[in-house]
Amino acid sequence: MAGNDWINSYLEAILDVDSGINDQKSSLLLRERGRFSPAQYFVEEVITGFNETDLHRSWVRASSIRNSEERNTRLENMCWRIWTLARKKKLIEGEEAQRKAKKRVDREKARKHAAADMSEDLSDGEKGDVVGEMLTHSDSIKGGRMSRVSSMDTMANLDKKLYLVLISLHGLIRGENMELGRDSDTGGQVKYVVELARALGSMPGVYRVDLLTRQVMAPDVDWTYGEPTEMLNPLPESQMDEIGESGGAYIIRIPFGPRDKYLSKEVLWPHIPEFVDGALGHIMQMSKVLGKQIGSERPLWPIAIHGHYADAGNSAALLSGVLNVPMVFTGHSLGRDKLEQLLKQGRQSREEIDSVYKIMRRIEAEEISLDVSEVIITSTRQEIEEQWRLYDGFDPVLERKLRARIKRNVSSFGRIMPRMVVIPPGMEFRNVSVQDIDGEIDGNESSGGSDPPIWSENEIMRFFTNPRKPMILALARPDPKKNLITLVKAFGECRALRDLANLYFTVLQTLIMGNRDDIDGMSATNSSVLLSIIKLVDKYDLYGQVAYPKHHKQSDVPEIYRLAAKTKGVFINPAFIEPFGLTLIEAAARGLPIVATKNGGPVDIHRVLDNGVLVDPHDQQSIADALLKLVADKQLWGRCKERGLRNIHRFSWPEHCRTYLSRITSCKQRQPKWQRPDNPYADPERDSPSGSLRDIHDLSLNLKLSLDGDKAVEGIQDLVSKGKESGKKQVKSAPLKVSPNEKQENSRSPKLNMRKLIIVVSVDCDSVADVLGITKTIFAANPTAKDSPSTGFILSTSLSISEINSHLDKGWLKASDFDAFICNSGGEIYFPSPSPEQSSSDSLYLVDTDYHSHIDYLWGGDSLRNNLVRWAASVNEKTKDDKEGPVITELDSGSSHCYGFSVRDPELVPPFRELRRLMRIQALRCNGVYCRSGERINVVPVLASRAQALRYLHVRWGMELSKVVVFVGELGDSDYEANFGGMHKTVVVKGYCKSAEKIHSCRSYPLQQVLPTDDPNTLQCQKSDVDGIKAVLAKLSQLK
């Protein structure tokens, strides 16, 4: 390196933006040949720090070039690249620091606002530990033991027949021979949900469990993943009469997305609505079947819908909202935590990370899950303390205050937090033999029968020179975060450990159908880790002491554990962070002591089992010392084995399920309110949903609208107004009115279940006239549709019913031309008058209050409105120098489930993601929709939306979603994406709503990430005239 003076200048530039060399490392570098070594600094300090394997390789190749001029040029280029990376990392760190600081300030403001609303202070006895109070007697761990939930106490709270729905969308899921490790989506979560469903199905009181997942019929996966139904726990004939024909636990595969492709979780987002529609149909049908089997006139609705991971959580939130049943969520791994870890590496910006992992859409799905869930189930306290508190929708301080108020039966002013519950995963003991539990086999004994094939000399034994030595077992993917390279270094550099033990790797990610493919065929990251391990084996000359067999099946894993225990070995999980650590429980069940990372779930596991040592995964020497201690001290090894076996039942599935069911059954049950013999869903074979609205007096209100002249804009004159006045001008309630010439039992009900085609006009225009203009064009393209019993029309809009009604005459339309009106961005559903001869200025409307009961849960009411007004005032204050007046003005939407605001200049208003974030950090759950290119803001319940309103019409009135055609513009309101991807057809009308682009330019994730491409259910209407609409409708008729 002599003569390369230019290196020093680049080194100084790097040090200007980097943390520099610590004293210990500097002294090591300076001792090399008595001088500082820039090459070693770059390789060990910068390149290794960035985890850039290709940088390291490039540096080695450049350094080995004999031609000094070429070598210097390449090294110079390398230095520039390293400098750029270091500077980029520093910039990313600065941006994230500013973002976190702003979040802390906003959260403190939110707590102050909440404290101002909730005037009562906490007593001293309620000021406990923030997270400690989240854990109650059934999920806390005290004195190294988890307190148990009595099965008698649990069953006392259970109904005789329970129906549970679990959802896990990505990966390949089947009951037997799971291909764990086939890809990054088919891992521990797959095993967890299958075993949970199977265990719940065996619990007394549970009638049926459905595990919903994706049906995959791709040619590159096994045919079993295309089977619609798979039973997880076949029941003996003796129990069939008691359980029923449809009882038990099942995997239900719902088709959504491309039928012939196996998709990764990152590209499933556009297809979530299609899954929700398919799952909704299954649950409704199954609820009806189960209700009949148990002898009930009503459907047996799910007691809860449990989503696993972000994609399933988003789906569960939509299903929970439309069915009005409680939601439970388990994150498994969380997007915000992953984003932070990736940003810390400094190799990618937030935008680059999002383009690869779709991380912002995932985070939004997790926030939605927080909004809707009643219970969040976590595996460890670390998940609550360090991961969930990163989210806008969860504040442990505010959660403690709200829970204290609930205990005292004091109002929380519309604020709601989900309950965090720690329930460690269970384990199936069916593959654990008596010998595993009670055996005292030492390393010199042989088993009574023949050894399993995986023990044979052709598999494991061929790697070892002395197979009787204790085995150090690691079971993990070759992923950098699993820290396997540090493990090999610790083993290779500890001579005493090498003399006493063998090292065995079971590398899951390298398996394809039970065999490892060529290393060159693996992903770059996985192949890099595996190659590094092989090189370290060669560097430390570990041949005969390290095993990494090529062939491996899931059924072999128990036998591998047994072999390690037989040799008095140790199981190790050295991951940098481990969310839970199920393999630690599996190892303990076979009598293996453990060495595990001190970061994450292993801390809780070790507190219960007390069967090993926790280590710092970054401390190579600590790992070596812990392994040596357990391997060398046979008495300690025996004590750890005994303690692990004695306490392992704490992690059994029956124990897990008892705690799980006690939590689920404690949720407030709010099943559909219209369950009655004459309910249309209870008897879908009837000609009409109900024949008449005989229950109109308790589900709807007959509204007589007298809207003439200037009074039209003042809102509905007669409207049911729930709650208190709250200082806002509100329309007072009116008694039920029925026309004197009309008997109630002859009132016309929505004929939605009789329609063969239902056209939904959801084109988001900037003016009412434009909305009715495109509606009139669609009507003109169907001249006979208005009078046809086979075709129906629904207007879905951000407008209020008064705005619509005042303009119908101007568009030469009547209210009776429509089957329903979805108004206020999904906050209201109205049905037209049963008197079609009336003009629109004297129309009768029926408001569906059953829909109100659906969306009313989590609605903040007056407290939410007060905070919205406060937010609007803060925006106006920032722009008070503007002489044109306030930027945001509150509107009277005439609705108890929609707060509207007019925006004078959308450029001066924060984007809708910011409004949503500010409400979430105050525990106010709502759905803010920016409408009319940002000139209007509608805030509706979090369970309400225009898309959800359509699903509600399917559930309540039997409208077939497959017969629905939704007309939209090229863009639309901020809820535009929900118009795509379901079982319905979508027609994009060109030339409309282009100005809405400014709304979507400030999204937290790009709109393109969630809109399906090449979707056969999406059609383009190139011309927005009558001929263009006719052409699209003709094409639709050909698709049927």
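Looking at an unreviewed UniProt entry, the protein chain carries the name Sucrose-phosphate synthase, with the source organism given as Salvia splendens. UniProt lists a comment for the protein chain under the heading Subunit (unreviewed entry), and it reads "Homodimer or homotetramer."

*Asks:* Tell me what's going on with the packing of aromatic side chains, and back it up with residues and numbers.
*Replies:* Inspection of every chain in the model, using the stated rule, returns 14 aromatic pairs. Plain terms: the ring middles of Phe 329 and Trp 388 are 6.1 Å apart, the flat faces sit at 70° to each other, and that makes the pair edge-to-face. Placement of the pair is Phe 329 in strand β8 (residues 327-330) and Trp 388 in the loop between α14 (381-387) and α15 (396-407), with a sequence separation of 59 residues. Grouping residues by exposure puts Phe 329 and Trp 388 together as buried. With centroids separated by 5.3 Å and ring planes inclined at 20°, the aromatic side chains of Trp 859 and Tyr 899 adopt a geometry described as stacked. Within this pair, whereas Trp 859 is found in the loop between α29 (849-855) and α30 (861-878), its partner Tyr 899 is found in strand β26 (residues 899-903), the two being separated by 40 residues in sequence. For Trp 859, a relative accessible area of 12% corresponds to the buried category. A network of ring pairs unites the aromatic residues Phe 779, Phe 793, Phe 818, Phe 821 and Tyr 845 as a single cluster. Between Arg 214 and the ring centre of Phe 256, over which it is positioned, the NZ or CZ distance is 5.7 Å.

*Asks:* Which residues make up the confidence of the model for the protein chain, and what values do they have?
*Replies:* Averaged over every residue, the pLDDT of the protein chain is 78; residues scoring 70 or more account for 74%. For residues 507-516, every residue scores under 50 in pLDDT, and the model assigns this stretch 40 contacts once sequence neighbours within four places are set aside. Confidence over residues 675-748 falls short of pLDDT 50; this stretch has 170 contacts with residues more than four positions distant or in other chains.

*Asks:* Account for the pattern of salt bridges, naming residues and giving values.
*Replies:* For the structure on display, the rule yields 44 salt bridges. We note a salt bridge from Glu 367 to Arg 336, for which the minimum N-O separation is 3.2 Å. With Glu 367 in helix α13 (residues 359-372) and Arg 336 in helix α11 (residues 335-345), this residue pair connects regions lying 31 residues apart in the sequence. The class for Glu 367 is buried, based on a relative accessible area of 1%. For Arg 946, the salt bridge goes to Asp 975, with nearest N and O atoms at 2.9 Å. Highlighted residues: Arg 946 in helix α32 (residues 946-957) and Asp 975 in the loop between β29 (964-969) and β30 (985-989), separated in sequence by 29 residues. By relative accessible area, Arg 946 is classed as buried at 3%. Judged by its relative accessible area of 14%, Asp 975 falls in the buried class. Sharing partners across several salt bridges, the network here consists of Arg 174, Glu 179, Arg 182, Asp 183 and Asp 222.

Criteria and thresholds
- Residues numbered from 1 in each chain as written.
- Predicted model: local features only at pLDDT ≥ 70, side-chain atom pairs only at ≥ 80, totals over all residues.
- Heavy atoms only, no water.
- UniProt positions renumbered as here; feature names shortened; annotations may be inferred.
- Phe/Tyr/Trp six-rings, centres within 6.5 Å; stacked < 30°, edge-to-face > 60°.
- Helix = DSSP H or I, 4+ residues; strand = E, 2+ residues; numbered from the N terminus.
- Buried < 20%, exposed > 50% of the residue type's maximum accessible area, 1.4 Å probe, protein only.
- Lys NZ or Arg CZ within 6 Å of the ring centre and 35° of its normal.
- pLDDT = per-residue confidence, 0-100.
- Contact = heavy atoms within 4.5 Å.
- Salt bridge = Lys/Arg side-chain N within 4 Å of Asp/Glu carboxyl O.

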